[in-house]
Amino acid sequence: VRANLAPPLVTLAPHSEALRDEVRSFLAEQRAVGGFVPRVDSWISGWDEQFSRRLADRGWLGMTIPTQYGGHGRSHLDRYVVTEELLAAGAPVAAHWVADRQVGPSLMRYGTDEQRQRYLPGIARGEIFFAIGMSEPEAGSDLANVQTRAVKVPGGWKLSGTKVWTSGAHHARACVVLARSAPLDPTDRHAGLSQFIVELDSPGIDIRPIKLLTGQHHFNEVLLERVFVPDELVLGQAGDGWAQVTSELAIERSGPERILSTFPLLVSYLTELERQTRIDAEDTRLVGALLGRVLTLRQLSLSIAGALAEGRPVDIPAAVVKNLGTRFEGELVDLIASHANTDPGPDAPDAFSRMLAEGLLHAPGFTLRGGTSEILRTVMSRGFGLR
Amino acid sequence: MNANVASATGERSRELPSEADLDELRALARSIFERYAAETLYVQRTATPFDGSLWQTLAASGLTLLSTPESAGGSGAGIAEAAVVLAAGAEHAAAVPIAETDLLAAWLLVLTDLDVPAGPLTSGAGEVSIAEGPAGSLVVSGTLERVPWARSAEAVVVLGSAGGGDVVFVVPAGRCSITAGHNLAHEPRDCVRFKIELSSDLVLTVGEAVGAEWVLRGALARAAQTCGALEKALELTVDHASSRIQFGRPLGRFQAVQHLIAEAAGEVTTARAALDVAIRTVAQRGFANPSAELAVAVAKAHAAGAAGVVSRAAHQVHGAIGFTLDHQLRHFTLRALAWRNEFGDARSWERRIGQIALETGAEGLWNLVTSGDGESRRSDPGRVDPAPPI
C-alpha cells in the first residue's frame, strides 16, 4: 500500500519552463487583442477553430507526434506544460482537444502508417478535428455493453448503432467508434470489440445535438446505419478494441484537465476580492484552501505524467487524482458560489457572474466524464487487493 | 546580552538525496523502530513514556541529530533525511522527541553558537521576562505551555520573546519546574516554569525571522509525522478489510467499505504529495525562502485535513475492534489528530496561503501555482485582515 501512492516528484527541465514562458506571452497577447475570452471548462466550452490554428502555428498541437508525421517530436511533459497553461487561462481548446489528446497518441500506438499519414499532419496543423464514439444509450460506465455492431462485408465493415455524448461530432472530420465486431461471449464481455475510424461524411450517418445545461451545442447523438468503413480504417487489431481503449486511461485520468477546469473561476474570484475595500478573513481562508489543493493536485498530476513517461505503473494514483481532482473542480465552484455575494448569470456581461454560472452548469459532468468517481474508487480498491 | 544578532539561515541550498539513498535510510530507521515498537503498540495503557533504550539505539546510529551539522555533533544530513526518519518513527508510534531535538532545539543552538548537549532535547516558544542579575548576569523567567517531552529532555531550548526582541537560551532540565500535561494521544506536552540566572553571553538575541522559521520547522516535522501515522493507519485498515470476515466474506468486498478506504487513500496520497513538495522546496531553497513558507503551509494544511478523514474511515472500517486501548490503531489515529493542532491548524495555515495569494494578486495566481514562490508578490496587499498568530 505504502509504496505506490504518490509517485516521485517531477522537476521540469529548463526548456519546459522556457516553453511555459512562451505560452504565457502568447496568451497575454491574445487576451490583449481579444483573441479569446476566458471560460470555465474551456476544453468543453471553448470551441474556436481559429484559436486552435494559432496554437498549431506555434507548434503546440500534435506536440508528441513525431516530425515525420507532421508533429513536433516533443516530450509528454512539454505537452503537459502547454496544456496546463491553456487550461489555467481558460483558453478555448475544445476544437482540437480530442484529436490532440487522444486520437494522435492512439494512431501512433495502434495506427497503420497510412492512417498516420492520412490524419496526423492535419491534426498537428489544427485542420483535422476528431470525435470519439464510446458511450451509448445502454453503455455508460459499463462500456463493454456497447451495442453498436460491426458486420464484416467485402473490403470492410458495416457499422450500425447509436453513440451519445459525442463531443464535437458536428464539426469533426472523423470519429473513432468502438463497436462489437464479434458475437458476445458471455464469459468474456471484453472480447470481440474493435475500434473503427469513421469518416463523418460517410453515407448513413445522422448527427443530432444534445445540448449542455448552458444551451451550448457540444455533445451529439450519432446514429450509424450500415455505415461502410473500409478495412484500412480499422484502428489496431480487430477484436483488440477493449485493450486499446483501456490502455491509456491512466493518461486520460490524471491530466491537468481533471484539476484545472474551474481554475479560471478562482482567478476571477480573486479579482472580485481585490476590488473590495476590505477582505473578509473567511474569504481569505477560502482562497488559501482552494489554492493549497490546486498546488498539491497539480503536483501529483505532474508526478504521474513523469512516472508515465518512465513507464511506471500509476493506475491507482491516476484514479486518486481524477477522483480528488474532479471533485475539487466542483467544490471550487460550489464554495465560491456560497461565499461570493453574486448571482450566477449564464449571459451576464460581468465575467465573474458568467463564469460562476458556467461552473455551476458544467459541474455535474466533472465527476462523470472519463470514469465516474464510483468507478475510480473501485479501481483503487482493486489496486489495494480488496476485490 | 550578546550583541550578535543571528538571523535565520535555513538549510544550505543543496541537491536532494537520491530516492535510493532515502529508501536505504528508511529501511534502517524502520528496522530500529520496529524492534522497540512491540513494547508500546500492544500495551493497554494511555501513557506513552519516553523510550530511553530506543533513543540510545537511534543516537548510536546518528538518527537523533540527523540534520544537525557534524561540527555540532550531528550527522550533517538534510531535511529530506530528517523527514524520512520522522515519518518512520510515526509509523511505529515511537516515543522519542527527534523532531524537537534535531529540527528545533539543536537548530536554535547551532544558530546561536551554543553547544548542543547530549541526550533528548526539546524547545518551547513564548513570552519571557529578562531582568538584570548580579555581576552583569541576566535573570530570565517565564512559563511555557505544552512543551513536547519536557519531562524527559536534558534541556529546554527557549525561543523567548522579550520586550526588546527575541532571545534564545537554554534551561537545563534540573532548573525548571515541570507540570505534566498531555496531548490527545497522551504524548507529553508539559508546562515548564523557570526563573534562572544566566551569564549574559548565554542569552542570545535573534532576528524576527527565527520565530517564523521555528514555526515552519515544527509544522513540517508534524506534517511528516502525520503522513507516517496516516500511511500506517491506512495499511492497517486495508489489512483488516482483507482479513475480517462478516456475512461470509471479507469486509473489503463491500462497496461501501471500499469507498471509505478509497476516500482515506486519497487523503493520504495528497498529504504525502504536499509533504514531498515542502521537503523538496526546503531542501533546495531553505526555510527562509518565501516559497518554503507556502509549501510548508500547504503541507501542514493537508496533513491536518487528512488526519480527520483518515482517522474516521480507519475506525469505521475497524469497527469495535479498533476503538479501545487493546488495538494498535489508536496510536496512529490519535497522534495524527493531536498533531493537526500543533504548530498551526488547517484553518490558520489556509488563511496564510490565502494571504500569500492576495499578496500575489489574481494576475500572478497561476504563476504562484507553477513556480511555488512568491517572487511576484506585491509588496503591500493592504486591506487583508491579519491572520491570528500561529
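The numbers attached to residues start from 1 for each chain and follow its sequence in the written order. Chain letters and ligand numbers both follow the written order, the letters beginning at A and the numbers at 1. Given that this is a predicted model, residues contribute local features only at a pLDDT of at least 70 and side-chain atom pairs are listed and counted only at 80 or more, while totals for whole chains, interfaces and linings are drawn from all residues. Hydrogens and water are ignored here; the side-chain numbers use all heavy atoms of the structure.

A.B. asks: Give a detailed account of the overall build of chain A, specifying residues and quantitative values.
C.D. replies: What counts as a helix is a DSSP run of H or I of at least four residues, what counts as a strand is a run of E of at least two, and both are numbered from the N terminus. Helix and strand counts for chain A stand at 13 helices and eight strands. Against the globule reference of 21 Å for 387 residues, chain A gives a C-alpha radius of gyration of 21 Å, in line with a compact fold. Taken over the C-alpha atoms alone, chain A extends approximately 75 × 50 × 40 Å along its principal axes. Relative accessibility thresholds used throughout: buried, under 20% of the residue-type maximum; exposed, over 50%; partly exposed, between the two (1.4 Å probe, protein chains only). Buried positions account for 57% of the 387 residues belonging to chain A. When contacts within chain A are restricted to residue pairs at least 6 apart in sequence, long-range pairs at least 24 apart make up 73% of them. With residues, only the protein chains shown are counted as cover, and all accessible areas are computed by Shrake-Rupley using a 1.4 Å probe. Taken as a whole, chain A presents about 15,000 Å² of accessible surface, with 51% of it coming from carbon and sulfur. Under the convention used here, Asp and Glu are negative, Lys and Arg are positive, and both His and the chain ends fall outside the count. Think of each charge as sitting on NZ of Lys, CZ of Arg, CG of Asp or CD of Glu. Measuring between centres, the 40 positive side-chain charges of chain A sit 3 Å from its 46 negative side-chain charges. The globule rule used for comparison is 2.2 Å times the number of residues to the exponent 0.38, while the radius of gyration itself is calculated over C-alpha atoms. Whether two residues are in contact is decided by their heavy atoms: any pair within 4.5 Å suffices.

A.B. asks: Tell me about the nonpolar core, and name the residues and values.
C.D. replies: For the purposes of this section, nonpolar cores are sets of buried Ala, Val, Leu, Ile, Met, Phe, Trp, Tyr and Cys residues that join through side-chain atoms within 4.5 Å. With 176 residues, the main nonpolar core has A:Ile336 and B:Phe33 as its most contacted residues. The biggest single contributor to this core is helix H5 (residues 208-243) of chain B, with 17 residues. Grouped together as the second largest cluster of nonpolar side chains are 34 residues, A:Leu107, A:Ala131, A:Ala174 and A:Ala179 included.

A.B. asks: Outline the interface of chain A and chain B, listing residues and values.
C.D. replies: Between chain A and chain B, the contact holds 55 residues from the first and 52 residues from the second. Summed over both partners, buried area is the accessible surface (1.4 Å probe) that two parts give up on being assembled. Of the roughly 4,800 Å² buried between chain A and chain B, counting both surfaces, carbon and sulfur atoms make up 64%. We define a salt bridge as a side-chain nitrogen of Lys or Arg found within 4 Å of a carboxyl oxygen belonging to Asp or Glu. Joining chain A to chain B, the criterion identifies four salt bridges. Note that B:Arg347 and A:Glu282 form a salt bridge whose closest N and O atoms lie 3.1 Å from each other. Within 3.5 Å is the distance limit for a polar contact, defined as a pair of N or O atoms, with the added protein rule that one can donate a hydrogen and the other accept it, and that residues adjacent in sequence qualify only through two side-chain atoms. The interface formed by chain A and chain B includes 10 residue pairs in polar contact (both at pLDDT 80 or more). Breaking the side of chain A that touches chain B down by element, the ones donating at least two residues are helix H1 (14-32), helix H4 (76-88), helix H9 (263-275), helix H10 (281-309), helix H11 (315-339) and helix H13 (373-383) of chain A. The leading source of residues in the side of chain A that touches chain B is H10(A), at 17 residues.

A.B. asks: Describe in detail the environment of A:Ala124, supporting the description with residues and values.
C.D. replies: Residue and element names in this part refer to chain A. For Ala124, the position within the fold is in helix H6 (residues 113-124). The spatial distance from the C-alpha of Ala124 to the C-alpha of Asp41 is 23 Å, given a sequence separation of 83 residues. Ignoring sequence-local partners within four residues, the contact set of Ala124 consists of Ala56, Leu61, Gly62, Gly70 and Gly71.

A.B. asks: Which residues make up the pattern of salt bridges, and what values do they have?
C.D. replies: Should their charged atoms come close, side chains of opposite charge can pair. Under the defined criterion, the tally for this structure stands at 44 salt bridges over all chains. For A:Glu85, the salt bridge goes to A:Arg24, with nearest N and O atoms at 3.0 Å. Residue A:Glu85 is located in helix H4, and its partner A:Arg24 is located in helix H1; the two are separated by 61 residues in the primary sequence. B:Arg222 is paired through a salt bridge with B:Glu342; the nearest N and O atoms lie 2.7 Å apart. In this pair, B:Arg222 is assigned in helix H5 and B:Glu342 in the loop between helix H8 (329-339) and helix H9 (346-360), connecting sequence segments 120 residues apart.

A.B. asks: How would you sum up the packing of aromatic side chains? Please name residues and give values.
C.D. replies: A pair of Phe, Tyr and Trp rings is counted when the ring centres sit within 6.5 Å of each other, with Trp represented by its six-membered ring. The angle between the planes then sorts it: under 30 degrees is stacked, over 60 is edge-to-face, the rest tilted. Tallied over the entire structure, the rule returns 14 aromatic pairs over all chains. Ring centres of B:Phe247 and B:Phe254 lie 6.0 Å apart, and the angle between their planes is 75°; on these two criteria the pair is classed as edge-to-face. Taking the relative accessible area as the measure of exposure, B:Phe247 reaches 78% and is therefore exposed. For B:Phe254, a relative accessible area of 21% puts it in the partly exposed group. Of the aromatic side chains, those joined through ring pairs into one cluster are A:Phe26, A:Phe36, A:Phe51 and A:Trp60. Above the plane of the ring of B:Phe254 lies B:Arg249, whose end atom (NZ or CZ) is 4.1 Å from the centre. In this scheme, Lys NZ or Arg CZ marks a charge over a ring once it lies within 6 Å of the ring centre and within 35 degrees of the ring normal.

A.B. asks: Provide a residue-level description of a positive patch on the surface, including the pertinent values.
C.D. replies: The patch calculation keeps residues exceeding 30% relative accessible area without a salt bridge and links them within 9 Å when they carry like charges or within 5 Å when they are nonpolar (Val, Leu, Ile, Met, Phe, Trp, Tyr). Together, A:Arg382, A:Arg387, B:Arg249 and B:Arg253 line one region of the surface with positive charge. Within the fold, A:Arg387 resides in the segment after H13.

A.B. asks: I'd like a description of the environment of A:Ile336, backed by residues and values.
C.D. replies: Residues and elements named next belong to chain A. Assignment of secondary structure puts Ile336 in helix H11. By relative accessible area, which is 0% here, Ile336 ends up buried. When the C-alpha atoms of Ile336 and Pro203 are compared, they prove to be 48 Å apart, with 133 residues separating the residues in sequence. Setting aside residues no more than four positions away along its own chain, Ile336 makes contact with Leu265, Leu266, Tyr269, Leu286, Leu290, Phe352 and Leu356.

A.B. asks: Tell me about unusual backbone geometry, and please be specific about residues and values.
C.D. replies: Despite not being glycine, A:Trp165 shows a phi value in the positive range, around 55°. Tracing the backbone through its elements, the reader meets A:Trp165 in the loop between strand E3 (156-163) and strand E4 (174-180). In this structure A:Trp165 comes out as partly exposed when scored by relative accessible area, which is 48%. Here the phi dihedral of B:Ala93 falls at roughly 50°; this positive angle occurs in a residue that is not glycine. Note on placement: B:Ala93 falls in the loop between helix H3 (79-91) and helix H4 (98-111).

A.B. asks: How would you sum up the side chain of B:Glu81? Please name residues and give values.
C.D. replies: Relative to the assigned elements, B:Glu81 resides in helix H3. There is a polar contact of 2.9 Å between the side chain of B:Glu81 and the backbone nitrogen of B:Gly78.

A.B. asks: Before we move on, can you summarise the confidence of the model for chain B with the specific residues and values?
C.D. replies: Residue and element names in this part refer to chain B. Note on scores: pLDDT gives the predictor's confidence for each residue, bounded by 0 and 100. On average, residues of chain B carry a pLDDT of 92, and 92% of them reach 70 or more. Across residues 1-13, where pLDDT falls below 50, the model places 39 contacts with residues more than four positions away in sequence or in other chains. Long-range and interchain partners of residues 379-383, a stretch whose pLDDT sits below 50, account for seven contacts in this model, where long-range means more than four residues apart. Of the two predicted TM-score estimates for the complex, the pTM is 0.94 and the ipTM is 0.95.

A.B. asks: How would you sum up the environment of B:Lys300? Please name residues and give values.
C.D. replies: Residues and elements named next belong to chain B. Tracing the backbone shows Lys300 in helix H7 (residues 290-318). Not counting residues within four places of it along the chain, the set of residues in contact with Lys300 comprises Ala219, Arg222, Ala223, Trp339, Arg340, Asn341, Glu342, Phe343, Gly344 and Trp349. Separated by 3.0 Å, the side chain of Lys300 and the backbone oxygen of Trp339 make a polar contact. In terms of polar contacts, Lys300 uses its side chain to reach the backbone carbonyl oxygen of Glu342, at 3.0 Å.

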